[in-house]
Amino acid sequence: MSTLSSFDPPPEQTERLLSKVGELVEELVTTAASRPVLGNPSGSELVPGLLDQRPGQEPAEIEAILQQIREILATGVDNAASGELAYIPGSGLLTSALGDLIASIANRYTGLAGFSPAAVALELGVLRWLTELFGLPERAQGLLLSGGSAANLTAIVTAREMHAPDQVQRATIYTGAHAHASVRKAARIAGVPNGQVRVCGSSDGLRLDSRAVEVRIKQDLEDGLLPVAIVGAAGTTNTGAIDPLPALADLAAELGIWFHVDAAYGGFFVLSDRGRERLRGIERADSITLDPHKSLFLPFGTGALLVAERNHLALAFAEESDYLRDHSQDLDALPDFSSITTELTREWRGLRLWLPLQLHGEAAFREALDDKLDLAEHAWRELDADANLETLGAPDLSVVTFRVRGDDALQDALLARVHEDQRVRLSTTVIDGRVVLRLVALSHRTTREIVDLAIRLIREAAQELVADH
Ligand SMILES: *Cc1c(COP(=O)(O)O)cnc(C)c1O
């Protein structure tokens, strides 16, 4: 009865394993603020050996295994370090990882609510916190998925089922030039013909113009096409710009089509008063993509989709399965995640979001995000005031975009100069055909100190480059 499987270590060994792993975890957390983001060897010298590595027939020692993991972690770009200001960093909260550990070991099945109603209810509770936070109606449903791409795909498939069932060849989707690539990818996977994803114009070069969308939709309607969805961005990845959500919501409502807001980067700024004001109109979306692994600091692997009407998800994803016939579903009580997503078996994903919210409290996240807005504003003021630099305007959220005065090559040169220091990482993008530099404040580890260091390095590099030119 009480015999442990040989895969289940006895208590002393479990304790030893946890303590050894715990040492590495502690090391990673406590050194994150001081580790340089750049400057590690690339790790390419480890690649051939790793590709050829095969499991031995006999057990290996945990010390040797952890040593190997340490060697891997000493290479590559350390995007969890505090100087990651380049892409949209996922800093990875310890408290979330602890939730994963418990969820994996308990390994409760959450694809069907009936198996473990309380475990599913914990996840549904944290999802309700989300739908309420975004002002969605009571019939709204949240889902935790692997990331923003999975959330955008789930949204587009749902919109297609609502507005072009069995007629995807005629379906059209409307979005802006700065829409994330995952929106186009989602449309393609959903079967929308490539030429029917309409990239609509912008009056300021950064934000979608609702008039341009309207003109395009009316033309498509005249041509016998089936407009399915308008996709607005609540914080583009390029510049953090927020599309005119109220005007897009009006248009979608008037035409009776789906309004999806891709808030993968910017959504959680709704926690702060300033962010909430700037994201006004998001509450009128039919669906919202969020990425807790970006603006809620969670480890990679957590995206979320909020849908204003739960039944729309069921329409898109519910299937009957003979072998699950004992488990009837009652959509009005606890929904089965398997009936409202592409997944059947899934981890108890809720815990990785619920645990950090419980342990830190909502206010900690509000204050941290508010602080990121301050840091971005501070960086923008400092860079904008420098005669050698020009910015693309005050940031809507926490992405600051700027150029050193000069041609595109000078932008790349500035990036290279700043990166020589190795403590901060920036990135570039192309806007209106010109190379632009980006500084993003979004890691929970991004502090005033690191932003000031970045500002100093940028200004020094700009001065040298302009002088040399
Ligand atoms: C990051 C991002 C995505 C994609 O999300 P993943 O989690 O990387 O799949 C989609 N949209 C926007 C606006 C993003 O910033």
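Bear in mind the structure is a predicted one, so any value in this text is a computation, not a measurement. (Residues numbered from 1 in each chain as written. Predicted model: local features only at pLDDT ≥ 70, side-chain atom pairs only at ≥ 80, totals over all residues. Heavy atoms only, no water.)

(A) Here's a closer look at the overall build of the chain. Along its length, the chain carries 17 helices and 11 strands. The C-alpha atoms of the chain give 24 Å as radius of gyration, which agrees with the globular expectation for 469 residues (23 Å, within 12%). In the structure as shown, the chain presents an accessible area of about 21800 Å², 52% of it carried by carbon and sulfur atoms. Distance between charge centres in the chain, computed from 43 positive and 67 negative side chains, equals 3 Å. (Helix = DSSP H or I, 4+ residues; strand = E, 2+ residues; numbered from the N terminus. Rg over C-alpha atoms; globule rule 2.2 N^0.38 Å. Areas by Shrake-Rupley, 256 points an atom, 1.4 Å probe, with all protein chains shown as cover. Lys, Arg positive; Asp, Glu negative; His and termini not counted. Charge placed at Lys NZ, Arg CZ, Asp CG, Glu CD.)

(B) How the structure looks around the environment of Trp129. Tracing the chain through its elements places Trp129 in helix H5 (residues 117–133). The buried category is assigned to Trp129, whose relative accessible area is 18%. Residues Trp129 and Arg352, spaced 223 residues apart in sequence, show a C-alpha to C-alpha distance of 15 Å. In this structure, Trp129 is in contact with Leu271, Leu357 and Glu362, ignoring residues within four places of it in sequence. In terms of polar contacts, Trp129 uses its side chain to reach the side chain of Glu362, at 2.8 Å. (Buried < 20%, exposed > 50% of the residue type's maximum accessible area, 1.4 Å probe, protein only. Contact = heavy atoms within 4.5 Å. Polar contact = N/O pair within 3.5 Å; in protein donor to acceptor, adjacent residues only side chain to side chain.)

(C) Main features of the sheet that holds strand E8 (residues 389–391). Taken in spatial order, the four strands line up as E8-E9-E11-E10 in an open sheet, and their pairing is antiparallel. Either end of the sheet is taken by a strand with one partner, and the two such strands are E8 and strand E10 (427–431). Mean inter-strand twist for the sheet, computed between neighbouring axes without regard to direction, equals 40°. When E8 meets strand E9 (residues 399–404), the two strands line up antiparallel, connected through three bridges. Paired with Thr391 across the bridge in E9 is Phe402. Across the sheet, helix H15 (residues 362–384) is in contact with E8, E9 and strand E11 (434–440); its angle to E9 comes to roughly 15°. (Pairing = 2+ DSSP bridges. Axes fitted to C-alpha atoms, helices over the stretch in contact; angles between N-to-C directions.)

(D) The arrangement of the side chain of Asp78 in detail. Relative to the helices and strands, Asp78 resides in the loop between helix H3 (62–73) and helix H4 (94–106). The exposure class assigned to Asp78 is buried, which follows from its relative accessible area of 12%. Here Asp78 is in contact with Arg35, Pro36, Val37 and Asn40, once residues within four sequence places are set aside.

(E) Looking closely at the sheet that holds strand E3 (residues 197–200). The mixed open sheet is built from seven strands, whose spatial order is E1-E7-E6-E5-E4-E2-E3. Bordering the open sheet on either side are strand E1 (141–145) and E3, each of which pairs with just one other strand. Going from strand to strand, the sheet's axes swing by 20° on average, the running direction of each strand aside. Sheet topology note: the strand E2 (residues 171–176)/E3 ladder contains four bridges and is parallel. Residue pairing in the sheet places Gly176 in a bridge with Cys200 of E3.

(F) Looking closely at the nonpolar core. Among the nonpolar cores identified, the biggest contains 84 residues, and Leu130, Phe134 and Ile230 are the most heavily contacted of them. Considering each element in turn, this core owes the most residues, seven residues, to H5. Two domains each put at least three residues into this core: domain 2 (108–346) and domain 3 (362–468). Ala379, Leu383, Ile450 and Val451 belong to the second-largest nonpolar core, a separate cluster that totals 29 residues. (Core = buried A, V, L, I, M, F, W, Y, C linked by side-chain atoms within 4.5 Å. Domains from an automatic or database assignment.)

(G) Spotlight on the site of the ligand. Near the ligand lie 14 residues; those nearest to it are Ser149, Asp262, Asp291, His293 and Lys294. Asp291 is positioned such that a nitrogen or oxygen atom in its side chain is 2.6 Å from an oxygen atom of the ligand. Between the ligand and Lys294 there is a distance of 2.8 Å, counted from an oxygen atom to a side-chain nitrogen or oxygen. Relative to its unbound accessible area of 380 Å², the ligand is 85% covered by the protein chains. (Near = heavy atom within 4 Å.)

(H) View of helix H8 (residues 210–222). Between its first and last C-alpha atoms H8 spans 18 Å; for 13 residues at 1.5 Å apiece the expected length is 18 Å, and the two agree. Listed in full, the buried residues belonging to H8 are Ser210, Val213, Glu214, Ile217 and Asp220. The buried residues of H8 occupy an angular sector of 130° when projected down its axis, which confines them to one face. Across from the buried face of H8, at angles greater than 90 degrees, the exposed residues are Arg211 and Glu222. In this structure, the buried side of H8 is in contact with E2, E3, strand E4 (226–233) and helix H9 (245–255). One side-chain oxygen of the residue at the start of H8 lies 3.1 Å from the amide nitrogen of Arg211, identifying that residue as Asp209. Backbone geometry just downstream of H8 places Gly224 in the positive-phi region, at approximately 80°. (Expected span 1.5 Å × (residues − 1). Arc of directions from axis to C-beta.)

(I) Geometry of the packing of aromatic side chains. Evaluation of the coordinates by the stated rule reveals four aromatic pairs. Ring centres 6.2 Å apart and planes at 20° place the aromatic pair Phe297 and Phe365 in the stacked group. Highlighted residues: Phe297 in the loop between helix H11 (292–295) and strand E7 (303–307) and Phe365 in helix H15, separated in sequence by 68 residues. When sorted by exposure, Phe297 lands in the same class as Phe365, which is buried. Over the aromatic face of Phe337 sits the side chain of Arg346, whose NZ or CZ is 4.2 Å from the ring centroid. (Phe/Tyr/Trp six-rings, centres within 6.5 Å; stacked < 30°, edge-to-face > 60°. Lys NZ or Arg CZ within 6 Å of the ring centre and 35° of its normal.)

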